[in-house]
Amino acid sequence: MSKTICIANQKGGVGKTTTAINLGTSIALQNRKTLIIDIDPQGNAGSGIGINQDNSLSIYQAIVLERNVETIVQQTQIPNLSFIASTIDLTGAEIELVNLPHREYRLRRSLEQIAQRFEYILIDCPPSLGLLTINALVAADSVLIPLQCEYYALEGLSQLLKTIKLVKTRLNPHLVLEGILLTMFDKRNKLSHQVAEEIVKHFSTRVFNIIIPRNVRLAECPSHGKPIFFYDKHSVGAQSYCNLAQEILTSKEDQ
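From a predicted model like this one, the values you see are computed outputs, not experimental measurements.

## Topic: the pairing of strand β2 (residues 34-38)
Moving on, step 1. Burial analysis of β2 places 5 of its 5 residues in the buried class, which makes it a mostly covered element.
Moving on, step 2. The two faces of β2 match: Thr34, Ile36 and Asp38 on one face and Leu35 and Ile37 on the other face are all buried.
Moving on, step 3. In this sheet, strand β4 (residues 81-84) lies alongside β2 in parallel orientation, the contact comprising 4 bridges. Bridged to leucine 35 within β4 is serine 82.
Moving on, step 4. Where β2 and strand β5 (residues 120-124) come together, 5 bridges link them in parallel fashion. Each bridged residue has a counterpart across the sheet, and for leucine 35 the counterpart in β5 is isoleucine 121.

## Quick look at helix α8 (residues 190-203)
Side chains of residues three or four places apart in an α-helix project in the same direction, reflecting 3.6 residues per turn.
Moving on, step 1. Taking 1.5 Å of rise per residue, 14 residues should cover 20 Å, and α8 covers 20 Å from first to last C-alpha, within 8% of that figure.
Moving on, step 2. Along α8, the residues that are buried comprise Ser192, Val195, Ala196, Ile199 and Phe203. Buried residues in α8, looked at end-on, bunch into an arc of 100°, giving them a common side. Structural note: α8 exposes Lys190, Glu197 and Lys201 on the side pointing more than 90 degrees away from its buried face.
Moving on, step 3. Buried residues belonging to α8 abut β6 (142-148), α7 (157-170) and β7 (176-183).

## Re the pattern of salt bridges
Moving on, step 1. As enumerated under the stated definition, the model contains 9 salt bridges in all.
Moving on, step 2. Residues glutamate 178 and lysine 3 are paired through a salt bridge, measuring 2.9 Å at the closest nitrogen-oxygen approach. Remark: lysine 3 occurs in strand β1 (residues 3-7) and glutamate 178 occurs in strand β7; sequence separation between them is 175 residues. Pair check on accessibility: glutamate 178 and lysine 3 agree, each one buried.
Moving on, step 3. Its salt-bridge partner being glutamate 66, residue arginine 106 comes within 3.7 Å of it at the nearest N-O pair. Taken as a pair, arginine 106 in helix α5 (residues 106-111) and glutamate 66 in the loop between α3 (59-63) and β3 (74-75) lie far apart in primary sequence, 40 residues in all.
Moving on, step 4. For glutamate 66, a relative accessible area of 59% corresponds to the exposed category.

## Digging into helix α6 (residues 131-139)
Moving on, step 1. In terms of burial, α6 is a largely internal element, 9 of the 9 residues being buried.
Moving on, step 2. Listed in full, the buried residues belonging to α6 are Leu131, Leu132, Thr133, Ile134, Asn135, Ala136, Leu137, Val138 and Ala139.

## A word on the sheet that holds β5
Moving on, step 1. If you trace the 7 strands from one edge of the open sheet to the other, you get β3-β4-β2-β5-β1-β6-β7, paired in mixed fashion. With one partner strand each, in any of the chains shown, β3 and β7 form the two edges of the open sheet.
Moving on, step 2. Against the sheet, α8 contacts β6 and β7, and its axis sits at roughly 165° relative to β7.

## Quick look at a nonpolar patch on the surface
Moving on, step 1. A surface patch of nonpolar side chains, about 350 Å² in accessible area, is lined by Tyr151, Tyr152 and Leu191.
Moving on, step 2. Within the secondary structure layout, leucine 191 lies in helix α8.

## Re the state of the cysteines
Cysteine pairs can be covalently joined through their sulfur atoms, and such a bond is termed a disulfide.
Moving on, step 1. In total, this model carries 0 disulfides according to the counting rule given.
Moving on, step 2. We note that cysteine 221 lacks a disulfide partner, and the nearest cysteine sulfur, in cysteine 242, lies 15 Å from it.
Moving on, step 3. What makes cysteine 221 buried here is its relative accessible area of 2%.

Conventions and cut-offs
- The residue numbering used here restarts from 1 in each chain and proceeds along that chain's sequence as written.
- With the structure being a predicted model, the display of local features is reserved for residues of pLDDT at least 70 and the display and counting of side-chain atom pairs for 80 or more, all residues being used for whole-chain, interface and lining totals.
- The basis for every side-chain value is the complete set of non-hydrogen atoms in the structure, without hydrogens or water.
- A simple rule labels every residue: compare its accessible area, found with a 1.4 Å probe on the protein chains alone, to the largest value its type can have, and call it buried under 20%, exposed over 50%, or partly exposed in between.
- Where helices and strands are cited, they refer to DSSP runs of H or I of at least four residues and of E of at least two residues respectively, numbered from the N terminus.
- Pairing between two strands is assigned when DSSP locates at least 2 bridges connecting them.
- To estimate how far a helix should reach, multiply one less than its number of residues by 1.5 Å.
- This arc describes the spread of directions from the helix axis toward the C-beta atoms.
- Note on contacts: a residue pair qualifies if any of its non-hydrogen atoms lie within 4.5 Å across the two residues.
- What makes a salt bridge here is a side-chain nitrogen of Lys or Arg within 4 Å of a carboxyl oxygen of Asp or Glu, nothing more.
- Throughout, an axis means a line fitted to C-alpha atoms (over the contacting stretch in the case of helices), and angles, computed between N-to-C directions, take values from 0 to 180 degrees.
- Excluding any residue in a salt bridge, patches collect residues exceeding 30% relative accessible area, merging like charges within 9 Å and nonpolar Val, Leu, Ile, Met, Phe, Trp and Tyr side chains within 5 Å.
- Surface accessibility follows the Shrake-Rupley procedure with a 1.4 Å probe radius. Residue values consider only the protein chains on display as shielding.
- Cysteine sulfur atoms are paired as a disulfide whenever they fall within 2.5 Å.

See the structure below:
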């Protein structure tokens, strides 16, 4: 049975795409059939794993034009890892979806066609709480929230949690919080430690044990079109995402 994880935070620059790419790759390298879906109009996830954008192979085709999602799944060069791209067409999708029937369920219905092919599906969301993110939340089993270790880390988190609760109440009663992932942690920075302690204090068991450090190699690898494991597998960033994948895999096995 597949598990769909939505990676969401309406705040930009917190590591959503970095997490989608490197967590997805790490799970795939554990011999689990994995699919990454990019629903952010910026389309950065595709370039981060070396996929060229093709307007005819986009999640837009599935959720707005109702094209069979089977036809837009692309196989990456990484074993067990498939990908559905985003394109700039998604920029107008928020407006187009407003007047479409079952607008919040479009992605969910598309994924029902292919869910049995994958053990894990990761959805990389845009930095907003619009209809694209709502579609991802409705399609998902759980939500992973990347949270940057900085002063404004908690700003907006309460709104995101309210949105998740609202979706759970009205649209997807099975939705749960996978966990809060602390990202861009600088162990030399006192503020990073203070923010991390504050988040753990408030959310305790909802915070992943693994913390993603601020890492130069992680920042460099997207420009080379490679996940961190194929850019520098010995880096602390690669090891952190490997450990995160293991934490998530173990959690599923324990359920």
